Amino acid sequence: MMPVRDMVIFPQQMTPFIVGREASVRALEEALASDKKIFLSTQHDASVDDPKPEEIYAVGTLANIVQSVKLPDGNIKVLVEGVERARALSIATEEGFFRATIRLLGQRVEDSPQVKQMVEKVTGLYEQFIKLSQSLNYDTMIAAARGDDPSRLSDTIAANLQLPVDEKQDLLETVDPLERLNRIAEILEIELEKLNVDRNINTRVKRQMERAQKEYYLNEKLKAIQKELGRGEKSETDELKKKIDAAGMPKDVHEKAIQELKRLELMPPMSAESTVSRNYLDWLIAVPWKKRSKEIRDIKAAEKVLNEEHYGLEKIKDRILEFLAVRQLVKNPKGSILCFVGPPGVGKTSLAMSIGHATGRKFVRVSLGGVRDEAEIRGHRRTYIGALPGQIIQMMTKAGTVNPIFVLDEVDKMSTDFRGDPSAALMEVLDPELNYAFTDHYLDVEYDLSRVMFVCTANVLHTIPQPLQDRMEILRLPGYTEQEKMEIATRFLLKRAREATGLTEKNLKFIEEGLLHIIRHYTHEAGVRNLEREIQNIARKMARKVVSDGADSAVEITAENVKDFLGVLKYREFWLEKQNEVGLTTGLAWTEVGGSVLATEATLMEGKGRLTLTGKLGDVMQESAQAAMSYVRSRSNLLGLQRDFYRTIDIHVHVPEGAIPKDGPSAGITICTSIVSALTKIPVRCDVTMTGEITLRGKVLPIGGVKEKLLAAHRMGLRTVVLPKDNEKDLADIPQEILSSLTIHFVETMDEVLQIALERPIVPLEHAAVAPVTESFVAGTEKDKSLTN
């Protein structure tokens with residue numbers, strides 16, 4: 001008997017091993033000297049060199065020694081073939097080795113369907129195991145496992161399974177072949193499950209390793225290519241570090257950038273997070289932190305630039321020159337925040353561009369019309385996919401300097417929805433006390449906007465929130481006079497039209513009367529956009545003529561031949577086609593595109609004292625009409641009316657054009673004049689226009705938009721204007737050429753308005769030489785009825 005370590009010898013299996021212990025060598029020599037049979041049994045503890053009989057398993061394998069070779073180191077390499085299971089009945093020690101008395105444990109199984117089924121199952125499982133196992137030779141193992149003998153099959157499979165020694169010993173001690181096959185089938189199923197899991201993990205790991213190796217290979221190849229191209233061997237991280245140091249960031253921003261750079265170094269190059277981090281660093285580097293434009297502080301040069309690019313607008317130009325003067329006296333003044341308010345086409349945006357030219361600063365512009373998301377101003381947080389900084393930071397990056405002229409166009413047309421209020425976000429941007437620490441959601445660091453000159457533009461103020469208005473210096477651009485439009489057309493628009501159509505000054509000339517005719521009869525606006533459009537229309541028609549008739553073609557635009565190019569007149573002077581009429585009064589109104597003229601009509605009908613108001617009038621305007629009616633009823637005797645005149649008539653007041661909404665209190669005296677005229681049958685002068693709010697006591701209160709309204713009156717050819725007395729102070733803003741062409745009456749009461757506006761004075765009732773108006777109206781009605789009958 002020879003004990004073996006770390007292995008179990010199975011019957012009918014060829015097993016090689018090395019024999020080195022002295023007792024084992026003696027036992028082997030004794031067997032070789034006799035019948036070459038030896039009993040091999042596994043010892044319990046492989047670390048014991050000299051095991052005792054009780055430390056050896058009782059069940060082992062009787063084996064034949066097939067071959068033995070003595071090695072140079074004294075050990076013997078032996079090949080044995082198991083013959084049969086056996087149990088040691090007794091073990092004795094003789095001459096330094098064990099000698100055992102054994103009993104063979106061989107057991108045969110009769111063929112049966114159950115045995116065949118089990119053999120097929122185990123064989124199939126073993127084939128799958130061999131296919132998945134990389135440590136076994138498929139062909140050799142399959143050939144060894146072929147056969148119908150369940151005992152041989154179970155021992156062959158048990159010998160080749162990588163199992164712990166104690167599990168193999170249990171299989172050896174299981175004498176019944178069928179039971180042994182069942183246990184081996186369970187073991188194979190468990191091992192197959194482990195192999196499948198390992199295989200999936202290995203496949204996944206292999207793919208990841210292949211991808212990582214591919215990325216590494218491509219990155220190394222890219223570095224080699226860049227080196228060959230002479231672009232240096234510095235890594236991308238070193239370049240980013242150099243850019244961060246050169247950007248001139250504040251200390252806290254610099255620390256955050258370096259921290260982000262360290263995070264970027266630890267990320268895989270192709271991960272999504274590294275792209276986000278890299279984009280963030282690119283934005284931090286791209287935003288200007290210290291670079292600034294060199295300003296032109298020469299006031300005379302700046303004034304020259306402003307006058308070359310814009311005509312008029314003296315108040316705006318003075319404000320810009322004041323700003324430049326302060327820049328010369330104060331080293332670091334706070335940034336200015338101006339808001340140009342005026343109708344379309346008066347040059348608000350182009351004036352902001354001129355400020356950039358005059359000061360030598362960069363110019364950037366953001367249109368806020370229709371913006372309804374707060375993120376447009378502050379940006380999105382980096383947690384969102386595709387996040388970007390807001391328009392403020394984007395435009396600062398585009399400008400590339402810390403002190404550009406920043407135009408916020410159409411600031412009155414922002415709206416609000418569930419995504420936030422952009423006008424509220426603008427409050428931080430446009431507050432000189434706060435914008436030195438503006439925080440964009442994307443950058444998430446403080447950015448200094450205090451050196452930026454913000455210029456906002458708007459058509460109206462009432463849609464801008466009051467807190468936002470409070471942060472801006474509001475400069476109004478009411479519109480241009482005819483003379484100013486003439487100068488603008490002569491200096492700028494004609495030249496631009498010729499350049500756009502390829503004409504020369506010889507081909508197309510405008511005389512002053514021709515331009516004035518276009519301004520009066522083909523445009524009706526506060527700005528000059530339509531005027532430019534009409535001039536370009538003429539230029540295009542002339543360009544066609546030059547192409548058809550030759551380059552020598554020439555035309556001079558006069559008042560007489562304008563209609564040949566532009567067609568029939570679009571607008572006529574308002575009062576030229578009117579005559580004094582009863583109940584028709586001309587009023588002045590303010591609109592978003594400048595001032596305009598409104599006619600107010602009143603007529604009487606038989607009825608029961610109802611006041612009808614039409615023309616899409618707003619609530620305030622309807623209340624003004626009711627106040628005017630109450631005033632008329634309260635002063636009926638002084639107006640030549642009976643005290644109960646309203647009982648038998650209805651009054652209808654209409655303000656054309658009916659499709660246009662109208663509102664405001666400034667039409668009060670106009671409506672009152674029309675009602676009085678209709679009731680007294682005294683015509684209203686057609687050359688008189690008026691504006692003012694009326695009270696129940698007949699007082700005339702001041703109104704707004706005086707400049708726009710006077711410009712509209714002048715534009716429409718109305719030369720007599722009635723204004724409230726308290727608006728006299730507003731004439732300081734009116735150009736002198738406008739004032740000199742108008743006769744302006746300042747009134748405090750409605751009585752004064754009626755003295756000016758009506759064709760003849762009103763005769764009070766107690767001095768009336770004729771029947772009261774209500775009696776004459778009823779008599780006239782009865783006469784009409786009799787004629788109808």
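A few points on the structure. As the structure is a computational prediction, the values presented were derived from the model and not from experiment.

**Description of helix α2 (residues 113–132)**
Then comes step 1: The terminal C-alpha atoms of α2 lie 29 Å apart, and with 20 residues this matches the ideal 28 Å at 1.5 Å per residue to within 8%.
Then comes step 2: Among the residues of α2, Val115, Met118, Val119, Val122, Thr123, Leu125, Tyr126, Phe129 and Ile130 are the ones counted as buried.

**Regarding helix α18 (residues 512–521)**
Then comes step 1: Taken residue by residue, α18 has Gly514, Leu515, His517, Ile518, Ile519 and His521 as its buried positions.
Then comes step 2: Here the buried face of α18 lies against α17 (482–501), β14 (508–510), α19 (529–549), β15 (555–557) and α20 (562–566).

**Some remarks on the packing of helix α7 (residues 236–246) against helix α8 (residues 251–266)**
Then comes step 1: Contact geometry for α7 and α8: axes closest at 10 Å, N-to-C directions at 175°. Classified by the interaxial angle, the pair formed by α7 and α8 is roughly antiparallel. Facing α7, whose interface residues are Thr237, Leu240, Lys241, Ile244 and Asp245, α8 presents His254, Ala257, Ile258, Leu261, Leu264 and Glu265.
Then comes step 2: For the contact of α7 with α8, the class distribution of residues is six nonpolar, two polar and three charged.

**What to know about the packing of helix α10 (residues 299–309) against helix α11 (residues 314–329)**
Then comes step 1: Packing of α10 against α11 leaves a shortest axis separation of 10 Å and a crossing angle of 155°. When the axis of α10 is compared with that of α11, the two are roughly antiparallel. For the pair α10 and α11, the sense of crossing is right-handed. When α10 is examined against α11, the residues Ile299, Ala302, Glu303, Leu306 and Asn307 are found in contact with a partner set consisting of Lys317, Ile320, Leu321, Leu324, Ala325 and Gln328.
Then comes step 2: When the residues that make up the contact of α10 with α11 are grouped by side-chain class, the tally is seven nonpolar, two polar and two charged.

**Quick notes on the packing of aromatic side chains**
Then comes step 1: Applying the stated rule across the entire model yields four aromatic pairs.
Then comes step 2: A centroid spacing of 5.2 Å and a plane angle of 70° characterise the contact between Trp289 and Tyr447, whose relative ring orientation is edge-to-face. A residue pair is termed long-range when its members are at least 10 positions apart, and Trp289 in the loop between α9 (272–286) and α10 and Tyr447 in strand β11 (residues 446–447) qualify at 158 residues.
Then comes step 3: For Trp289, a relative accessible area of 9% corresponds to the buried category.
Then comes step 4: The side chain of Arg382 reaches across the aromatic face of Tyr280, ending 3.8 Å from its centre.
Then comes step 5: The ring centre of Tyr646 lies 3.7 Å from the NZ or CZ of Arg633, which sits over that ring.

**Regarding the side chain of Asn507**
Then comes step 1: Structurally, Asn507 can be placed in the loop between α17 and β14.
Then comes step 2: A polar contact of 2.8 Å, which involves the side chain of Asn507, links it to the side chain of Thr504.
Then comes step 3: At a separation of 2.8 Å, a polar atom in the side chain of Asn507 contacts the main-chain carbonyl oxygen of Ser553.

**Overview of the environment of Met270**
Then comes step 1: Secondary-structure assignment places Met270 in the loop between α8 and α9.
Then comes step 2: For the pair Met270 and Ile130, spaced 140 residues apart in sequence, the C-alpha separation works out to 39 Å.

**Brief notes about the environment of Gly60**
Then comes step 1: Following the sequence through the fold, Gly60 ends up in strand β4 (residues 59–70).
Then comes step 2: The class of Gly60 is buried, set by a relative accessible area of 0%.
Then comes step 3: Each C-alpha atom, one on Gly60 and one on Leu604, is 133 Å from the other, the two residues being 544 residues apart in sequence.
Then comes step 4: Once you skip the residues sitting within four places of it in the chain, Gly60 turns out to touch Phe39, Leu40, Ser41, Glu84, Arg85, Ala86 and Leu172.

**Points about the sheet that holds strand β7 (residues 337–341)**
Then comes step 1: Here five strands make up an open sheet; going across it, the order is β8-β9-β12-β7-β13 and the pairing parallel. Two strands in the sheet have a free side with no partner beyond their single neighbour: β8 (363–367) and β13 (473–476). When strand polarity is set aside, the average angle formed by the axes of neighbouring strands in this sheet is 20°.
Then comes step 2: Sheet topology note: the β7/β13 ladder contains four bridges and is parallel. Counterpart to Val341 in the pairing with β13 is Arg476.

**Description of the side chain of Asn561**
Then comes step 1: Tracing the backbone through its elements, the reader meets Asn561 in the loop between β15 and α20.
Then comes step 2: Under the relative-accessibility criterion, Asn561 is labelled buried at 17%.
Then comes step 3: Separated by 2.7 Å, the side chain of Asn561 and the backbone oxygen of Glu556 make a polar contact.
Then comes step 4: Polar contacts involving the side chain of Asn561 include one to the main-chain amide nitrogen of Thr558, which spans 2.7 Å.

**Digging into the nonpolar core**
Then comes step 1: With 54 residues, the main nonpolar core has Phe406 and Leu408 as its most contacted residues.
Then comes step 2: Setting aside residues no more than four positions away along its own chain, Leu408 makes contact with Val366, Leu368, Ile392, Leu426, Leu430, Phe454, Val455, Cys456 and Thr457.

**Comments concerning the state of the cysteines**
Then comes step 1: All told, the structure shown has zero disulfides when counted by the stated rule.
Then comes step 2: In this model Cys339 remains outside any disulfide bridge; the closest cysteine sulfur is found in Cys456, 5.3 Å from its own.
Then comes step 3: Lacking any disulfide linkage, Cys686 is separated from the closest cysteine sulfur, that of Cys672, by 20 Å.
Then comes step 4: Accessibility expressed as a relative area gives 15% for Cys686, which makes it buried.

**A short note on the environment of Ala92**
Then comes step 1: Inspection of the secondary structure puts Ala92 in strand β5 (residues 76–94).
Then comes step 2: With a relative accessible area of 35%, Ala92 lands in the partly exposed category.
Then comes step 3: Between the C-alpha atom of Ala92 and that of Leu613, which follows or precedes it by 521 residues, the distance is 134 Å.
Then comes step 4: Excluding residues within four positions of it along the chain, Ala92 makes contact with Phe97, Phe98 and Arg99.

Conventions used here
Residues numbered from 1 in each chain as written. Predicted model: local features only at pLDDT ≥ 70, side-chain atom pairs only at ≥ 80, totals over all residues. Heavy atoms only, no water. Helix = DSSP H or I, 4+ residues; strand = E, 2+ residues; numbered from the N terminus. Expected span 1.5 Å × (residues − 1). Buried < 20%, exposed > 50% of the residue type's maximum accessible area, 1.4 Å probe, protein only. Contact = heavy atoms within 4.5 Å. Axes fitted to C-alpha atoms, helices over the stretch in contact; angles between N-to-C directions. Parallel < 35°, antiparallel > 145°, perpendicular 65-115°, else oblique. Nonpolar A, V, L, I, M, F, W, Y, C, P; charged D, E, K, R; others polar. Left-handed = near helix turned anticlockwise from the far one by under 90°. Phe/Tyr/Trp six-rings, centres within 6.5 Å; stacked < 30°, edge-to-face > 60°. Lys NZ or Arg CZ within 6 Å of the ring centre and 35° of its normal. Polar contact = N/O pair within 3.5 Å; in protein donor to acceptor, adjacent residues only side chain to side chain. Pairing = 2+ DSSP bridges. Core = buried A, V, L, I, M, F, W, Y, C linked by side-chain atoms within 4.5 Å. Disulfide = S-S within 2.5 Å.

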